[in-house]
Amino acid sequence: MAQRSKYMYRIATSPRLKMDGGSGYARYISFEQIALNEVRNPIIINQHYCQKAVQVSNVAFRQVQGSSASKIAINLGCSTNVGCTNITLEHVHINGEGLFASCTNAHGTAVDTSPQVTCLSSN
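Right, let's walk through the structure included here. (Residues numbered from 1 in each chain as written. Predicted model: local features only at pLDDT ≥ 70, side-chain atom pairs only at ≥ 80, totals over all residues. Heavy atoms only, no water.)

With respect to the pattern of salt bridges
Counted under the stated rule, the structure contains two salt bridges. With its nearest N and O atoms 3.4 Å apart, the salt bridge here joins Arg62 to Glu32. Note that Arg62 is positioned in strand E5 (residues 55–68) and Glu32 in strand E3 (residues 25–39), a separation of 30 residues in sequence. Residue classification places Glu32 among the buried positions, given a relative accessible area of 15%. We note a salt bridge from Arg62 to Glu90, for which the minimum N-O separation is 2.9 Å. Placement of Arg62 in strand E5 and of Glu90 in strand E7 (residues 84–95) is noted, with a sequence separation of 28 residues between them. (Salt bridge = Lys/Arg side-chain N within 4 Å of Asp/Glu carboxyl O. Helix = DSSP H or I, 4+ residues; strand = E, 2+ residues; numbered from the N terminus. Buried < 20%, exposed > 50% of the residue type's maximum accessible area, 1.4 Å probe, protein only.)

Structure below.
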């Protein structure tokens, strides 16, 4: 699945992966060429809704740029049981004061990303 060339203005969340539990996979998903303007949760993966988590892998965020209305610009919240693997952030530039990235059990790479995603570890 790919989502390309989107413009987001003053919305709550985008791009977003939200897992409501169950089983199976969410994989080979890409979000590309996305422009943000005062988005409250610019990049988010939320896998914390249920004990049993969908396996998330091979998710890419590429060429995402713009501004955030919240301090957490990138939130990769993966399950402590399953985790997320092969997460890629490339050429992501989110502006705002005091922005940071937050990760829980997320694994992959971040290249040319602002804010820096120091919490994203390599697999």
